[in-house]
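Close look at the chain arrangement
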Amino acid sequence: HDLKTPLMVIDLSAKRLIRKYEEKLDARGKEYLENLQSAGARLNELVQDLFQLSHSSQKSIKREKVDMSAMARAIVEQLQGLQPEREADCRVEEGLMVRGDSRLLRVALENLLGNAWKFTGKCERARIDFGSEDKSGQKVYFVRDNGCGFDKTYSEFLFLPFQRLHHQEEFPGTGLGLTTVRRIIDRHGGRIWAESFPGQGATFYFTLEK
């Protein structure tokens, strides 16, 4: 809250300046204010992600029955609602029930599905799947997409704070989402890893405690 309050003041002040003094500002002045708003919005996003990261580490785990299929469908519908013009084939496997903290697992799925949505943004027709498979007798969940992918040599860097494999101008973000996901999965007694090739999409796998 100590960080968000001054950011709110900066954002509101910039908006009021634009609204009240727009006719008195030249193109350069408007550009300065737009840059101020843009920087404020990015800082606010960073604060939100830092709060989410902290929350995922400190919040006590409340285990309950969670319908991850329903959760994933709701997240996908929300993403499609925000960009209805996008052509995206999103498929969710039915009946994926687990025991875990519903709020934390939703944060994890929001980050994983949100990333899949973001990194398929340049595809003519995006394909995003949420499902499961058995590996050595253990249930493994995955989020798979046909987006830009990445060099799997650097896959471990994805889960470190502020580490990104794509330029901010190409795909915006704070570099904290996957760090938060890993902490949530760790706290559920599972693990997470990624497989990908540049230009061939990516798959994020994770397990949860039995």
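Note that the coordinates shown come from a computational prediction; the quantities given were computed from them, not determined experimentally. (Residues numbered from 1 in each chain as written. Predicted model: local features only at pLDDT ≥ 70, side-chain atom pairs only at ≥ 80, totals over all residues. Heavy atoms only, no water.)

Considerations on the overall build of the protein chain
- For the protein chain, the count of helices and strands is five helices and seven strands.
- Counting helices and strands in the order they occur from the N terminus, the protein chain gives α-α-β-α-β-β-α-β-β-α-β-β.
- The buried share among the 210 residues of the protein chain stands at 40%.
- Partitioning the contacts of the protein chain with sequence separation of at least 6, the portion at a separation of at least 24 is 69%.
- As displayed, the protein chain offers around 12,600 Å² of accessible surface, 51% of which is attributable to carbon and sulfur atoms. (Helix = DSSP H or I, 4+ residues; strand = E, 2+ residues; numbered from the N terminus. Buried < 20%, exposed > 50% of the residue type's maximum accessible area, 1.4 Å probe, protein only. Contact = heavy atoms within 4.5 Å. Areas by Shrake-Rupley, 256 points an atom, 1.4 Å probe, with all protein chains shown as cover.)

A short note on the pattern of salt bridges
- Applying the stated criterion to the full structure yields nine salt bridges.
- The residue R106 makes a salt bridge to E110 at a minimum N-O spacing of 3.1 Å. Highlighted residues: R106 and E110, both in helix α4 (residues 102–119), separated by four residues, approximately one helical turn.
- When the shortest N-O distance is used, the salt bridge between E133 and K135 registers 3.1 Å.
- On the basis of relative accessible area, K135 is assigned to the partly exposed category, the value being 32%.
- Connected through salt bridges with shared partners, the residues D89, R91, R127 and D129 form a single ionic network. (Salt bridge = Lys/Arg side-chain N within 4 Å of Asp/Glu carboxyl O.)

Quick word on helix α3 (residues 68–82)
- With 15 residues, α3 extends 21 Å between its outermost C-alpha atoms, agreeing within 8% with the 21 Å of an ideal straight helix rising 1.5 Å per residue.
- Of all the residues in α3, the buried ones are M68, S69, M71, A72, I75, V76 and L79. Buried residues of α3, seen end-on, are gathered within an arc of 160° and therefore sit on one face of the element. Exposed residues on α3 whose side chains face more than 90 degrees from its buried face are E77 and G81.
- Where α3 begins, the capping side chain belongs to D67, and its oxygen is found 3.1 Å from the backbone nitrogen of S69. (Expected span 1.5 Å × (residues − 1). Arc of directions from axis to C-beta. Polar contact = N/O pair within 3.5 Å; in protein donor to acceptor, adjacent residues only side chain to side chain.)

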